[in-house]
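Chains, contacts and geometry: an overview
Residues per chain, in single letters:
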Amino acid sequence: MYSKLKAGLLVAGLVVAGLAQATDALPSWNEGDTKKSIIEFVTKTSDAASSSYIPESERIAVFDNDGTLWAEKPVYFQLYFALDQLKLMAPEHPEWKTKQPYADLLAGKIPKDLTEKDLVELVMTTHANMSSAEFRNKVQDWAATAKHPKTNQLFTDMVYQPMLELLTYLREHGYSTYIVSGGGVDFMRAWAPSVYGIPDEQIIGSRIELEYKVIDGKPQILRAPKLFFNNDKGGKPVGIQQVIGKQPIMAFGNSDGDQAMIQWTTSGTGPRFGLLVHHTDAKREWAYDKDSKVGHLDSALTMAHEQGWTIADMKNDWLTIFKWEATGQAAKE
């Protein structure tokens with residue numbers, strides 16, 4: 001009798017545990033203060049009986065992309081797209097064989113002294129002088145096959161499983177999720193909706209100048225080789241205001257480039273939530289912050305401690321980083 005009772009209790013315990021696991025909205029997040037703070041905030045702001053309730057129309061969450069939703073090492077992934085396009089264009093530009101930084105880039109070398117001016121010129125060279133439809137097709141073709149040089153995974157598989165779960169969890173609780181990135185808005189719109197479940201109109205990014213023309217009787221939007229708006233640092237709150245017109249309730253980033261966005265979000269009245277993803281896992285991903293040129297994190301980390309933002313320690317807070325990490329692959333810069 002006792003053994004049957006013990007077995008029954010054991011089965012019941014396993015069932016309860018299984019149900020708990022099945023209803024865990026964030027299974028790739030380790031149990032702890034970080035996961036708890038997210039769930040508690042979302043629960044109280046979406047519960048109509050709570051004093052912290054926020055109407056669904058005001059529940060807006062904004063996310064940086066590079067380093068927050070997907071990886072960004074060893075360089076921002078949009079640069080790899082630009083490099084691949086540069087190689088395709090090279091036969092028409094023999095002068096690039098001796099012109100820097102083009103010569104190094106075509107040889108597969110990314111100069112350490114590559115300046116912001118160089119990057120802007122590279123983007124203008126490879127992203128402009130075509131229609132918006134042509135550019136979108138180029139990005140989609142690239143995203144379907146391009147792989148990360150260190151992991152050999154598709155770039156679109158270099159997204160963070162914990163953040164995918166978080167996006168779904170927020171939307172299930174009435175939050176509208178937006179991407180607010182320094183990356184090109186049209187670059188992201190070509191692949192991000194299918195990866196993140198975020199529609200084109202909820203993606204905010206840097207923009208180049210566009211112009212409308214009718215060519216051979218066909219109306220087209222053409223991409224001009226000139227930067228129109230840089231959606232980075234202080235530009236992020238401005239971009240949010242221009243596109244959304246409301247102050248977000250939650251903001252997620254990973255670098256000093258996201259500091260203004262999180263500061264703007266958390267400065268509003270009522271319940272507010274800011275989170276920094278801190279890259280601390282050198283084995284499963286990369287470990288970096290203030291000494292990194294890509295995803296530089298210094299002043300924002302200080303402000304996070306001062307203002308009580310949540311800090312997600314990747315090594316300790318994320319049970320899973322990528323779906324495929326079980327293969328034992330490690331990312332090395």
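What this report covers is the structure whose coordinates are included nearby. Please read these numbers as outputs of a predicted model, since none were measured by experiment.

Analysis parameters
Residues numbered from 1 in each chain as written. Predicted model: local features only at pLDDT ≥ 70, side-chain atom pairs only at ≥ 80, totals over all residues. Heavy atoms only, no water. Helix = DSSP H or I, 4+ residues; strand = E, 2+ residues; numbered from the N terminus. Expected span 1.5 Å × (residues − 1). Buried < 20%, exposed > 50% of the residue type's maximum accessible area, 1.4 Å probe, protein only. Arc of directions from axis to C-beta. Contact = heavy atoms within 4.5 Å. Pairing = 2+ DSSP bridges. Core = buried A, V, L, I, M, F, W, Y, C linked by side-chain atoms within 4.5 Å. Patch = residues over 30% accessible without salt bridge, like charges linked within 9 Å, V, L, I, M, F, W, Y side chains within 5 Å. Areas by Shrake-Rupley, 256 points an atom, 1.4 Å probe, with all protein chains shown as cover. Salt bridge = Lys/Arg side-chain N within 4 Å of Asp/Glu carboxyl O. Axes fitted to C-alpha atoms, helices over the stretch in contact; angles between N-to-C directions. Parallel < 35°, antiparallel > 145°, perpendicular 65-115°, else oblique. Nonpolar A, V, L, I, M, F, W, Y, C, P; charged D, E, K, R; others polar.

Taking 1.5 Å as the rise per residue, helix α6 (residues 132–145) with 14 residues should run 20 Å; its terminal C-alpha atoms sit 21 Å apart, in good agreement. Listed in full, the buried residues belonging to α6 are F135, V139, W142 and A143. Down the axis of α6, the buried set is contained in an arc of 100 degrees. They therefore lie on one face. For α6, exposure combined with an orientation more than 90 degrees from the buried face picks out D141, A144 and T145. The secondary structure elements touched by the buried residues of α6 are α3 (77–89), α5 (116–127), β2 (130–131), α8 (185–189) and β5 (218–229).

This next bit is on the pairing of strand β7 (residues 273–278). The buried count for β7 comes to six of six residues, which makes it a mostly enclosed element. Of the two faces of β7, the one holding F273, L275 and V277 and the one holding G274, L276 and H278 are both buried throughout. Relative to β7, strand β6 (residues 250–253) runs parallel, the two being bridged by four bridges. Residue pairing in the sheet places G253 in a bridge with L276 of β7.

Of note, the bond from K73 into P74 is cis; its omega dihedral lies within 30 degrees of zero at 0 degrees. One can find P74 in the loop between β1 (60–63) and α3. The backbone of N129 sits at a positive phi, close to 60 degrees, despite the residue not being glycine. Looking at the element boundaries, N129 is found in the loop between α5 and β2.

The subject of this paragraph is the nonpolar core. In terms of nonpolar packing, the biggest core is built from 65 residues, with M163, L166, Y196, M250 and F252 touching the most fellow members. Other than its neighbours up to four places away in sequence, M163 contacts W29, F63, T68, L69, F252, V277 and W318. Counting 17 residues, the second-largest nonpolar core is a separate cluster that includes I60, V180, M303 and W309.

In this structure, strand β3 (residues 176–184) lies alongside strand β4 (residues 203–215), joined through three bridges in parallel fashion. Of the residues in β4, the one forming a bridge with G184 is S206. Note: β4 against β5, eight bridges, orientation antiparallel. For R207, the partnering residue across the bridge sits in β5 and is F229.

A cluster of nonpolar side chains, L210, Y212, V214 and I221, forms an exposed patch at the surface whose accessible area comes to about 390 Å². By residue number, the principal contributor to the nonpolar patch is β4, which donates three residues. Among the secondary structure elements, L210 is positioned in strand β4.

Turning our attention to the sheet that holds β1. With respect to topology, eight strands assemble into an open sheet ordered β2-β5-β4-β3-β1-β6-β7-β8, the strand pairing being mixed. Every interior strand has two partners, whereas the edge strands, β2 and β8 (310–313), have only one.

Our next topic: the packing of α3 against α6. Interaxial distance between α3 and α6 falls to 11 Å at its minimum, and their mutual angle equals 105 degrees. Relative to α6, α3 is oriented roughly perpendicular. Note on element contacts: α6 touches α3 through F135, K138, V139 and W142, opposite F77, Y80, F81, D84 and Q85. Considered class by class, the residues forming the contact of α3 with α6 number six nonpolar, one polar and two charged.

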